[in-house]
Amino acid sequence: MGDKKVIFSGMQPSGALTLGNYLGALKNWVKLQDEYDCYYCVVDMHAITVPKEPKDLRRNTLEVLANYIASGIDPEKSTLFIQSHVSAHAELGWVLNSLSYYGELSRMTQFKDKSKRLDSNSIPAGLFVYPTLMVADILLYQADLVPVGEDQRQHLELTRDLAARFNNRFSETFKVPDAYISSEGAKIMSLQDPQSKMSKSDSNENAYILLVDSHDAIRRKFKRAVTDSMGVVSYNDEQPGVKNLINIYSKISGKTSETIVSEYEGKGYAQFKDDVAEVVFGELKPIQEKINYLLKNKDYLEKIYLLGAEKAEYVARKTLRKVYKKIGFIPR
Ligand code: ATP
Ligand code: LTN
């Protein structure tokens, strides 16, 4: 704490976490813990912007927390908490709803993608204002950096715009944060449609690898991964399926794409896919063991999120008090 720069990030408990979440975000979060004052949140309020069974939400929320810890987020170093436990998120979100414009929110590609999948008469308003709640998450902690996958870049731009807009209108209040997007593996694609990102809410379970998938499921899903008819392991945009598999292999093994391509010269896709599956399972196996252990120890998880909420609340309230004062709310 103290002089360290602040990091904030979060994931939705909209399902079990995928290899995309892990390689695109979580693995980077772990590396940042020593150098920064990190806040890692399970954003349950974001998860209800599309219809969700209460019992699934409850289960997923604890699972995501367990996934964070099992992947290497250390509760002694980082503040781990659940978004709905700190009411300042909803409160600042409301203020920001009044500061943001219908037009700019309409341009958010995540909103366009997700609303397209729903019946046009029943698109929740929460899905539309999803980004302002995300902006609130980040600004409450005066975050310097926000480590996310490539798909969140536009939301980070909005965060910067709204922070600057508030500061201009009411005087300097918020730190204007930077996105922190690592280049390789910034976007892991669906195994069934390499043009769209791997997403935990995909209706086709062959499209994603879950951190908790069994060895067999991982082998099977990679075997079925959509590639092309060229039959050559090569790294280019004409072969997006193969490129995605190389990215996954590379992110985990640390080998460059050139090395991987040369290793598979003259070999077909079958061998390559099997090897990718093994590398992935090798990475996930110890994480799975920890997840299982943690989910059997709910008391421990409870201790972590209660303490985290307390620490987060303190910082968030401080920012919210300033905001309320500046916009003209009468202090109680
Ligand atoms: P959903 O499918 O429910 O919309 P999601 O899996 O896309 O969710 P979030 O929980 O919204 O993920 O995002 C958590 C983090 O994981 C974000 O930083 C996001 O950028 C990152 N992320 C998600 N999917 C991928 C992916 N396929 N590749 C890289 N990063 C990803
Ligand atoms: N919107 C993000 C999840 C998210 C988040 C945040 C990420 C909610 N609040 C704050 C970083 C910082 C997503 O859909 N991936």
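Structure's up top.
Since we're looking at a predicted model, the values are computed, not measured. Each chain carries its own residue numbering, running from 1 in the direction its sequence is written. Key to labels: chains lettered from A, ligands numbered from 1, both in the order written. Totals for whole chains, interfaces and linings use all residues, but because this is a predicted model, local features are given only for residues with pLDDT of at least 70 and pairs of side-chain atoms are given and counted only at 80 or more. Hydrogens and waters are ignored; side-chain quantities use all the structure's heavy atoms.

### Examining the overall build of the chain
No. 1: Counting secondary structure elements, the chain contains 14 helices and five strands.
No. 2: Referenced to the eigenvectors of the C-alpha coordinate spread, the extents of the chain come out at roughly 70 × 45 × 40 Å.
No. 3: Residues counted as buried form 50% of the 332 residues belonging to the chain.
No. 4: Within the chain, residue pairs in contact and separated by at least 24 positions form 75% of the contacts whose partners lie at least 6 positions apart.
No. 5: Here the chain has roughly 15,900 Å² of accessible surface; of this, 51% comes from carbon and sulfur atoms.
No. 6: For the charge count, each Lys or Arg is scored as positive and each Asp or Glu as negative, with His and the chain ends excluded. To locate a charge, the coordinates of NZ of Lys, CZ of Arg, CG of Asp or CD of Glu are taken. Each charge sign in the chain was given a centre, from 45 positive and 43 negative side chains, and these centres are 4 Å apart. Strands here are runs of E lasting at least two residues and helices are runs of H or I lasting at least four, both read from the DSSP assignment and numbered beginning at the N terminus. Buried means the residue's accessible area, taken with a 1.4 Å probe over protein chains only, is under 20% of the maximum for its type, while exposed means over 50%, and partly exposed covers the values in between. Any two residues whose heavy atoms approach within 4.5 Å are treated as being in contact. Using a 1.4 Å probe, the Shrake-Rupley method yields the accessible areas, and only the shown protein chains count as cover for residues.

### Let's talk about helix H4 (residues 88–99)
No. 1: An expected span of 1.5 Å times one less than the residue number is assigned to each helix. In this model, H4 (12 residues) spans 17 Å end to end at C-alpha, consistent with the 16 Å of a helix rising 1.5 Å per residue.
No. 2: Every buried residue belonging to H4 is among Ala-88, His-89, Leu-92, Gly-93, Val-95, Leu-96 and Leu-99, and all of these are buried. Angular distribution of buried residues about the axis of H4 spans 165°; they occupy a single face of the element. The exposed residues of H4 that point more than 90 degrees off its buried face are Trp-94 and Ser-98.
No. 3: In this structure, the buried residues of H4 make contact with strand S1 (6–11), strand S3 (79–82), helix H5 (102–106), helix H8 (130–140), helix H9 (153–170) and helix H14 (298–327). It is the directions from the helix axis to the C-beta atoms that the arc portrays.

### Observations concerning the pairing of strand S2 (residues 37–42)
No. 1: Burial runs high along S2: six of the six residues are buried.
No. 2: Of the two faces of S2, the one lined by Asp-37, Tyr-39 and Cys-41 and the one lined by Cys-38, Tyr-40 and Val-42 are each fully buried.
No. 3: Two strands qualify as a pair provided DSSP detects at least 2 bridges between them. Judged from the six bridges that link them, S1 and S2 form a sheet pairing that is parallel. Opposite Met-11, over in S2, you have Val-42 as the bridge partner.
No. 4: With helix H1 (residues 19–32) bridging S1 and the parallel S2, this β-α-β connection has right-handed handedness.
No. 5: Of the pairings in the sheet, the one linking S2 to S3 comprises four bridges and is parallel in character. Viewed with both strands pointing away, a crossover whose connecting path from the first strand over the helix to the second turns clockwise is right-handed.

### Re the pattern of salt bridges
No. 1: What makes a salt bridge here is a side-chain nitrogen of Lys or Arg within 4 Å of a carboxyl oxygen of Asp or Glu, nothing more. Evaluation of the coordinates by the stated rule reveals 20 salt bridges.
No. 2: Salt-bridge contacts for Glu-104 lead to Arg-165; the nearest nitrogen and oxygen are separated by 2.7 Å. Pair noted here: Glu-104 is in helix H5 and Arg-165 is in helix H9, with a separation of 61 residues, a long-range link. Take Glu-104 and Arg-165: they sit in the same class, and that class is buried.
No. 3: Put simply, Lys-197 and Asp-151 hold a salt bridge, and the shortest N to O gap is 2.9 Å. Of the two residues, Lys-197 sits in the loop between strand S5 (178–180) and helix H10 (215–223) while Asp-151 sits in the loop between strand S4 (145–147) and H9, which places them 46 residues apart along the sequence.
No. 4: With relative accessibility at 27%, the residue Asp-151 sits in the partly exposed group.
No. 5: Taken together, the salt bridges that share partners define one network made up of Lys-55, Asp-56, Arg-59 and Glu-63.

### Quick look at the packing of helix H3 (residues 54–70) against H14
No. 1: Between H3 and H14, the least distance of the axes is 11 Å, while the angle of their chain directions is 85°. As summarised for this structure, H3 and H14 are arranged roughly perpendicular, according to the angle between their axes. On H14, the residues touching Leu-62, Leu-65, Ala-66 and Ile-69 of H3 are Lys-298, Tyr-300, Leu-301, Ile-304 and Tyr-305.
No. 2: Residue classes follow a fixed rule: Ala, Val, Leu, Ile, Met, Phe, Trp, Tyr, Cys and Pro count as nonpolar, while Asp, Glu, Lys and Arg count as charged, and any other residue, Gly among them, counts as polar. Each residue belonging to the contact of H3 with H14 can be placed in one class, and the counts come to eight nonpolar, no polar and one charged. The convention used is that axes are lines fitted to C-alpha atoms, helices contributing only their stretch in contact, and that angles between N-to-C directions extend from 0 to 180 degrees. With respect to orientation, any angle under 35 degrees is reported as roughly parallel, any angle over 145 as roughly antiparallel, any angle of 65 to 115 as roughly perpendicular, and every other angle as oblique.

By themselves, these are just geometric observations and shouldn't be taken as functional.
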